[in-house]
Amino acid sequence: MSDKLAIHGGPKAVPDGTIKPWPPIDDTDRQMVMASLEGHVHTFGPNCKAFQDEFAAWNGNKYCITTNSGTAALHMCVAACGCGAGDEVIVPAYSWSSSVTCVLQHNAIPVFVDIDFDTMNIDVAKIEAAITPRTKAIIAVNLHGLAVAMDKVMEVAERHGLKVIEDCCQSHGARYLDRKVGTWGHCGAFSLNQNKCLCSGEGGLFVTDDDAILADAQKLWSFGETRTPAENRDYHAYALGWMYRNNDLTAAFGRAQLTKLDGYLDTIKANAAVLTEGIRNAPALILPTEPEGHEHIWYNYTLRFDMAALGHAADPAAFRGKIVEALNAEGVANGVWQSFILPAMTVFQAKNAYGRGCPWQCPHSAPVDYSPEQFPVALRHQASHTGMTMPLRPPNGTDVAELMAKGICKVMNNIDQLET
Ligand SMILES: Cc1ncc(COP(=O)(O)O)c(C=O)c1O
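Quick caveat, the model's predicted, so the values are computed rather than measured.

**Thoughts on the overall build of the chain**
Step number 1: When you go through the chain residue by residue, the secondary structure sums to 12 helices and 13 strands.
Step number 2: Taken over C-alpha atoms, the radius of gyration comes to 22 Å for the chain, in line with the 22 Å a tight globule of 420 residues would show.
Step number 3: Seen through its C-alpha atoms, the chain measures out along the principal axes to roughly 70 × 55 × 40 Å.
Step number 4: Taking all 420 residues of the chain together, the buried fraction comes to 56%.
Step number 5: Working note: accessible area of the chain is about 16500 Å², and carbon and sulfur atoms make up 53% of it.
Step number 6: With 33 positive and 46 negative side-chain charges, the chain shows a separation of 3 Å between the mean positions of the two kinds.

**Side note on the layout of surface pockets**
Step number 1: Here the largest pocket is characterised by a volume of approximately 450 Å³.
Step number 2: In terms of lining, the largest pocket is formed by 31 residues, of which the most central are Gln170, Asn195, Lys196, Tyr299 and Trp337.
Step number 3: Looking at which element gives the most residues to the lining of the largest pocket, the answer is helix α3 (residues 70-80), with three residues.
Step number 4: When its residues are assigned to classes, the lining of the largest pocket shows 12 nonpolar, 16 polar and three charged.
Step number 5: Of the volumes computed, that of the second largest pocket is approximately 190 Å³.
Step number 6: Residue lining of the second largest pocket: 13 residues in total, with Lys49, Gln52, Cys64, Ile65 and Gln218 positioned closest to the centre.

**Describing the site of the ligand**
Step number 1: Around the ligand, 17 residues are found, and the nearest of them are Gly70, Thr71, Asp167, Gln170 and Ser191.
Step number 2: Asp167 is positioned such that a nitrogen or oxygen atom in its side chain is 2.8 Å from a nitrogen atom of the ligand.
Step number 3: Taking Ser191, its side chain carries an N or O atom lying 2.7 Å from an oxygen atom of the ligand.
Step number 4: Contact with the protein chains covers 92% of the free accessible surface of the ligand, which is 390 Å².
Step number 5: Judged by its atoms lying within 2 Å of the grid points, the ligand is housed in the largest pocket.
Step number 6: Put simply, the parts of the chain that give the shell around the ligand at least two residues each are α3 and α4 (98-104).
Step number 7: The biggest single contributor to the shell around the ligand is α3, with three residues.

**What to know about the sheet that holds strand β7 (residues 179-180)**
Step number 1: Strand order in the open sheet made by the three strands is β7-β6-β11, with antiparallel pairing throughout. Edge positions in the sheet fall to β7 and β11 (294-295), since each has one partner strand and no second.
Step number 2: In this sheet, β7 lies alongside strand β6 (residues 175-176) in antiparallel orientation, the contact comprising two bridges. Each bridged residue has a counterpart across the sheet, and for Tyr176 the counterpart in β7 is Arg179.

**Let's talk about the nonpolar core**
Step number 1: Counting 127 residues, the largest nonpolar core has Ile279, Ile323, Ile408 and Met412 as its most contacted members.
Step number 2: Not counting residues up to four positions away in its chain, the partners in contact with Met412 are Ala282, Pro283, Ala284, Leu285, Phe305, Leu310 and Ile323.

**Quick notes on the pairing of strand β8 (residues 187-191)**
Step number 1: Counting buried residues along β8, five of its five residues qualify, which places the element largely inside the surrounding structure.
Step number 2: Residues Cys187, Ala189 and Ser191 point to one face of β8 and Gly188 and Phe190 to the other, with burial holding for every one of them.
Step number 3: Pairing geometry for strand β5 (residues 163-167) and β8, over three bridges, is parallel. Its bridge partner lying in β8, Glu166 is registered against Gly188.

**Some remarks on the side chain of Lys180**
Step number 1: Residue placement: Lys180 occurs in strand β7.
Step number 2: At 2.6 Å, the side chain of Lys180 and the backbone oxygen of Trp58 are in polar contact.

**Topic: the packing of aromatic side chains**
Step number 1: With the rule as written, the count across this model stands at 15 aromatic pairs.
Step number 2: Ring geometry for Phe55 versus Trp58: centroids 5.6 Å apart, planes at 35 degrees, classification tilted. On the criterion of helical spacing, the pair formed by Phe55 and Trp58 is a turn pair, its members being three residues apart in helix α2 (residues 46-59). Both residues of the pair, Phe55 and Trp58, count as buried.
Step number 3: Taken together, a centroid distance of 6.1 Å and an interplanar angle of 70 degrees make the contact between Phe112 and Phe375 edge-to-face. Taken together, the residues Phe112 in strand β3 (residues 109-113) and Phe375 in the loop between α10 (346-349) and α11 (376-384) connect sequence positions 263 residues apart. The pair Phe112 / Phe375 is uniform in exposure class, with both members buried.

**Overview of the pattern of salt bridges**
Step number 1: Within the structure shown, the criterion is met by 18 salt bridges.
Step number 2: Between Arg159 and Glu155 there is a salt bridge, and its shortest N-O distance comes to 2.7 Å. With a gap of four residues between them, Arg159 and Glu155 both fall in helix α5 (residues 150-160), about one helical turn apart.
Step number 3: Salt bridges here are not isolated pairs; linked through shared partners, they connect Asp26, Asp29 and Lys260.

**Some points on the sheet that holds strand β10 (residues 285-286)**
Step number 1: If you trace the three strands from one edge of the open sheet to the other, you get β10-β12-β13, paired in antiparallel fashion. Strands at the two margins of the open sheet, each flanked by one partner only, are β10 and β13 (385-388).
Step number 2: In the sheet, strand β12 (residues 301-305) pairs with β13 via four bridges, with the strands oriented antiparallel. When the bridges of β13 are listed, Arg304 appears paired with His385.

Criteria and thresholds
- Residues numbered from 1 in each chain as written.
- Predicted model: local features only at pLDDT ≥ 70, side-chain atom pairs only at ≥ 80, totals over all residues.
- Heavy atoms only, no water.
- Helix = DSSP H or I, 4+ residues; strand = E, 2+ residues; numbered from the N terminus.
- Rg over C-alpha atoms; globule rule 2.2 N^0.38 Å.
- Buried < 20%, exposed > 50% of the residue type's maximum accessible area, 1.4 Å probe, protein only.
- Areas by Shrake-Rupley, 256 points an atom, 1.4 Å probe, with all protein chains shown as cover.
- Lys, Arg positive; Asp, Glu negative; His and termini not counted.
- Charge placed at Lys NZ, Arg CZ, Asp CG, Glu CD.
- 1 Å grid on protein atoms, 1.4 Å probe; cavity = no way out; pocket = protein on both sides within 12 Å on 5 of 7 lines; lining within 4 Å.
- Points joined across faces, edges and corners; volume = space filled by probe spheres on them.
- Nonpolar A, V, L, I, M, F, W, Y, C, P; charged D, E, K, R; others polar.
- Near = heavy atom within 4 Å.
- Polar contact = N/O pair within 3.5 Å; in protein donor to acceptor, adjacent residues only side chain to side chain.
- Sits in = over half its atoms within 2 Å of the grid points.
- Pairing = 2+ DSSP bridges.
- Core = buried A, V, L, I, M, F, W, Y, C linked by side-chain atoms within 4.5 Å.
- Contact = heavy atoms within 4.5 Å.
- Phe/Tyr/Trp six-rings, centres within 6.5 Å; stacked < 30°, edge-to-face > 60°.
- Salt bridge = Lys/Arg side-chain N within 4 Å of Asp/Glu carboxyl O.

Any functional reading would require information that these geometric values do not contain.
Shown next as structure tokens:
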């Protein structure tokens with residue numbers, strides 16, 4: 001292969017058309033979605049109920065509620081854990097925005113904790129220092145397919161009488177100490193959007209083993225009511241409710257995909273192993289880790305560039321942008337997942353979620369500092385990472401992972417070609 005980078009006109013390492021789209025669709029999907037369409041029960045139809053039961057069984061939870069997004073399921077977790085006006089909820093400084101804005105939705109106050117560089121998850125050793133008398137819950141985000149060390153989170157939470165919410169939106173099937181995510185905390189949320197390892201187009205799943213938490217989550221889910229649309233409703237708002245229900249069509253799609261999820265995860269793990277082997281010796285790359293006791297599902301295979309070794313410690317994000325562009329030009333489909341850490345986002349810097357400073361100006365709230373420099377690890381990660389999702393997913397196999405590895409090695413071995 002020519003060493004001339006594709007971005008400068010050289011041949012692509014991964015030819016056009018190599019990477020196949022996600023998720024794979026077969027006759028199971030076609031038949032189940034068409035049967036739902038022709039079943040004419042689209043509001044909380046039989047597929048919704050069946051999906052709840054099947055996912056709860058798959059994940060090892062007592063209860064599951066199907067929702068119209070992972071964000072909805074997260075908001076249900078926050079409300080069902082009793083977080084309200086002025087309560088503080090501990091969250092990681094780096095994640096998807098709604099891992100944390102779900103706290104604001106219930107007028108509670110997010111308190112950020114920095115991440116651990118190796119795992120990219122909340123630094124469990126720093127959680128206890130963030131606890132105050134107002135703290136009500138901890139949101140542990142199992143980011144990119146790697147579980148948080150949940151035994152440590154649960155131990156701190158139990159000592160302080162806190163609830164634990166697991167954001168499992170990126171980590172269906174990931175395990176820690178042989179237990180699946182979503183079975184450690186008091187409740188958890190999964191996403192079913194286009195990118196997720198279990199995809200139904202859009203949608204989410206709320207899980208818990210706790211009857212009281214289930215009852216409160218269910219009220220928020222459907223107009224404050226206590227009965228599902230499949231039951232004899234009294235149309236009475238027993239609490240402040242939203243409309244977070246899923247529909248039968250997407251539940252049918254989700255059910256069909258669930259029958260294939262274990263196979264998908266096996267393929268992703270095999271592809272990730274081949275990619276890791278292929279790039280192990282590439283210069284200036286920091287590879288993702290799978291610490292002892294964890295089973296990673298590689299939702300997002302995240303690389304960090306060693307900017308000090310590359311001589312770009314002063315302008316990491318700018319040079320990272322050049323590498324990302326060069327990789328994409330080679331056909332190595334990759335991208336920066338979050339280019340802001342969460343406390344740096346405008347909603348937190350302006351402290352203006354509901355307008356007029358609410359909820360931070362609420363008389364129940366205490367002042368909280370969102371200066372981004374308090375979170376140096378998240379800032380370092382944010383400025384130096386890129387990630388890959390679809391290329392490692394089926395129907396793509398190890399042949400694609402090998403080509404991806406070649407493309408990454410080509411760019412990293414010829415990085416001087418980007419120094420213009
Ligand atoms: C970590 C994390 N939390 C929450 C969400 C929200 O999920 P959804 O898009 O289904 O609302 C996502 C995905 O977008 C996510 O990646």
